[in-house]
Every structure is written in C-alpha cells, then in structure tokens.
Amino acid sequence: MNDRFLEGRTALVTGSTSGIGLAIACRLAAHGARVALNGLGTHEQIDAASTAVRVAGAPDARHFAADLRDPAQIEAMMAEVASWSAIDVLVNNAGIQHAVPIADMPVTKWNDILAINLSAAFHTMRLALPGMAGRGYGRVVNIASVHGLVASKDKAPYVASKFGVIGLGKVAALEYAAAGSRDSGGVTVNCICPGWVETPLIEPQVEARRNGGSREDGVRALLAEKQPSLRMSLPEDIGAMAAWLCRREAHNVTGTAMPIDGGWTAQ
Ligand code: NAD
C-alpha cells in the first residue's frame, strides 16, 4: 500500500493473534505503523500473526504477552510496549463471548467477560492517553459491537461489557477532546460496533443454528435473525474503518459509536 500515513507511528492492538484484531493490525501495518501485538495462542499462532503483520508492511512488529483478565499483567505489558515505542494508536479489540441465559451464566464467565471486554480497555486507556495528549496525536479505537447499542437474549455479560465500553469511550473522548490541534491530529476515542463478522468467535453460534445442515445453513440462519444485508462483514472491513479513524482528517470524529452492521441497528 502506497498510503503510509502511519509511518513513524506505533499501534498496540489487543487480541491481535486472531480474527478482527489481526486484520486491524495488518491494515495499520500496511499504512506504515509499527505494531505491538497482544493475544493468546500457541507459539506457532503468535509467530504467524507477527509474520502476517510484517508482510503487510510493518517496519517492526512484536508480541507482548498479557492475560487481559489481570490488571497487573496489563500494567506490565503497557510499560514494556512504552519502552519499545510510545503508543500513538491503541486498539482495544480483545473480547470473548458466552451465550446462555442469565440464570445459567457461570459467575466466572461474567467476571472474565467484564474483565477482558471492558476493564482491560479502562486500564490500557488510563495508561496510554496522557502520553498521546502530550504528543498532540493519539487514537483509541475500541471494538465494541452492535451489542453495545442493542441487546440480544442470552448475552448478559457481553451486552453489559459492550454498552460499558461505549460509555467509557465517550467519557475519555470528552476528557481528551481539546488535546493537540487540527494540524497534529488531536486525540480521539471512538468505538466501532460490528454486526456479524466472519471470525472464530461466532462459530459456536453458527453451530447452534445448523440443525443438522451445513455451516452455510447455520450462517444463513444467524444472519436472517438480525442482519438485514444478509452478508457478514469481513475482518478486513473492520480494519479499513479503524485505519480511517487514525487519519489526521478524522481529528473531529470523537466519542462516536459507529455501526458496521448491515442495518441491524437501523431496525
Ligand atoms: P476472536 O476470537 O477471533 O479473537 C479474539 C482475540 O482476543 C484473540 O486474539 C484472543 O487471543 C484474544 N483474547 C481472548 N482472551 C484474552 C485474554 N484473556 N487476554 C488477552 N487476549 C485475549 O474474536 P473476534 O471475532 O475477532 O473478536 C474481536 C472483537 O470483536 C471482540 O471484542 C468481539 O467482541 C468483537 N466483535 C466481534 C464480532 C463478530 O461477529 N466476530 C461482532 C461484534 C464485535
């Protein structure tokens, strides 16, 4: 890609060993960013993700391990990344899901989902935003969900965490709205709210709707419930939206929650 507007910038993308996070990391890399990867996985998966990001165009890429359920590990990761390179772009993408009714929801799942999908974003933001303000440019992109805007049954902790991250993002957007300038790009905080995206996260929900049919039958049933376009997004589509938010000319786009959901939340 010729448009290397992120040359000289560094991006940390949480949960970038898979799915949407990896696609965002590759897209930011293609625009010239150095990329700090984070996420769980085998050595092979982590190596493959780092290689993909370098091949996409990152001048440098490194994986920083941290289980985002643990604030102490998040603090250690943020310090390690900062000593590698100041963070200009923070993408809070890591997330997990568990779909059962409230009465059957294991308490450990509630705690883990809130910790990864919401509290981790608070910790990374509180540690990264002051440096961004000092340099006059910074971008926080939180990968929320349509489930931060509307609810579905059986997803209590997921929906609570995604509504929460949108609220958190709005507060941070206000606190940092006046940082930097139009020329430097300012500091913005936004949420992207995808509907269904083709990643491993949704496979259990596809499986639950197969009714003995093919995977495509399961996908069709899932889309028919909520997503009027009847098309899934690709992880790369989310990557393109995240990259646009990092542009200088997006300096006044802050505090938003942008759906990319085939009309789901228009209903
Ligand atoms: P995925 O399962 O492919 O990737 C999740 C990533 O989070 C992986 O890299 C995983 O290692 C990481 N992760 C999980 N637990 C972690 C932990 N304890 N510590 C550190 N990293 C951890 O899922 P995805 O679909 O790419 O989801 C990415 C984000 O997009 C999530 O926040 C999800 O809620 C959101 N989202 C996904 C969809 C969809 O349809 N796939 C729709 C809306 C929103």
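What you are looking at is a predicted structure, and each value in this text was computed from that prediction instead of being measured. (Residues numbered from 1 in each chain as written. Predicted model: local features only at pLDDT ≥ 70, side-chain atom pairs only at ≥ 80, totals over all residues. Heavy atoms only, no water.)

Trainee: Describe the packing of aromatic side chains, with residues and values.
Mentor: If you walk through the whole model with that rule in mind, you get two aromatic pairs. One cation-aromatic arrangement involves R9 over Y137; the distance from NZ or CZ to the ring centre is 3.7 Å. (Phe/Tyr/Trp six-rings, centres within 6.5 Å; stacked < 30°, edge-to-face > 60°. Lys NZ or Arg CZ within 6 Å of the ring centre and 35° of its normal.)

Trainee: I'd like a description of the packing of helix α4 (residues 107–135) against helix α5 (residues 156–176), backed by residues and values.
Mentor: A packed helix pair is summarised by two numbers, namely the angle formed by the two axes and the spacing between the axes. Remark: α4 packs on α5, axes separated minimally by 8 Å, with the N-to-C direction vectors making an angle of 10 degrees. Comparing the axis directions of α4 and α5 gives the class roughly parallel. Remark: the crossing between α4 and α5 carries right-handed chirality. Each of W110, I113, L114, N117, L118, A121, F122, M125, L129, P130 and A133 in α4 lies in contact with α5, whose residues at this interface are A156, P157, Y158, A160, S161, K162, G164, V165, L168, G169, A172 and Y176. (Axes fitted to C-alpha atoms, helices over the stretch in contact; angles between N-to-C directions. Helix = DSSP H or I, 4+ residues; strand = E, 2+ residues; numbered from the N terminus. Parallel < 35°, antiparallel > 145°, perpendicular 65-115°, else oblique. Left-handed = near helix turned anticlockwise from the far one by under 90°. Contact = heavy atoms within 4.5 Å.)

Trainee: Go over the site of the ligand with me, naming the residues and quoting the values.
Mentor: Around the ligand lies a shell of 29 residues, among which T17, S18, N93, Y158 and T199 are the nearest. Backbone polar atom of G15 to an oxygen atom of the ligand: 3.1 Å apart, as the coordinates give it. Y158 has a polar side-chain atom sitting 2.5 Å from an oxygen atom of the ligand. Its free accessible area being 830 Å², the ligand has 93% of it covered by the protein chains. For the shell around the ligand, the secondary structure elements donating two or more residues are α1 (19–30) and α5. Split by residue class, the shell around the ligand holds 16 nonpolar, eleven polar and two charged. (Near = heavy atom within 4 Å. Polar contact = N/O pair within 3.5 Å; in protein donor to acceptor, adjacent residues only side chain to side chain. Areas by Shrake-Rupley, 256 points an atom, 1.4 Å probe, with all protein chains shown as cover. Nonpolar A, V, L, I, M, F, W, Y, C, P; charged D, E, K, R; others polar.)

Trainee: Would you mind going over the pairing of strand β6 (residues 186–194) in detail, with residue names and values included?
Mentor: Of all nine residues in β6, nine are buried, a share of seventy percent or more. Judged by which residues are buried, β6 turns out to be covered on both faces: G186, T188, N190, I192 and P194 on one side and V187, V189, C191 and C193 on the other are all buried. For the crossover that starts at strand β5 (residues 137–143), traverses α5 and ends in the parallel β6, the hand is right-handed. Where β6 and strand β7 (residues 257–260) come together, four bridges link them in parallel fashion. For C193, the partnering residue across the bridge sits in β7 and is P259. (Buried < 20%, exposed > 50% of the residue type's maximum accessible area, 1.4 Å probe, protein only. Right-handed = clockwise from strand over helix to strand, strands pointing away. Pairing = 2+ DSSP bridges.)

Trainee: Please set out the nonpolar core residue by residue, giving values where relevant.
Mentor: In this structure, L12, M77, V81, L90, M125, L129 and M132 are the most contacted members of the largest nonpolar core, which totals 35 residues. Looking at this core, the elements with two or more residues in it are α3 (71–84), α4, α5 and β6. With nine residues, α4 is the largest single contributor of residues to this core. (Core = buried A, V, L, I, M, F, W, Y, C linked by side-chain atoms within 4.5 Å.)

Trainee: Describe in detail the layout of surface pockets, supporting the description with residues and values.
Mentor: Approximately 800 Å³ is the volume attributed to the largest pocket. Around the largest pocket, the lining is made up of 40 residues, and of these N93, A94, G95, I96 and L201 lie nearest the centre. Looking at the lining of the largest pocket, the elements with two or more residues in it are α1, α4 and α5. Considering each element in turn, the lining of the largest pocket owes the most residues, three residues, to α1. (1 Å grid on protein atoms, 1.4 Å probe; cavity = no way out; pocket = protein on both sides within 12 Å on 5 of 7 lines; lining within 4 Å. Points joined across faces, edges and corners; volume = space filled by probe spheres on them.)

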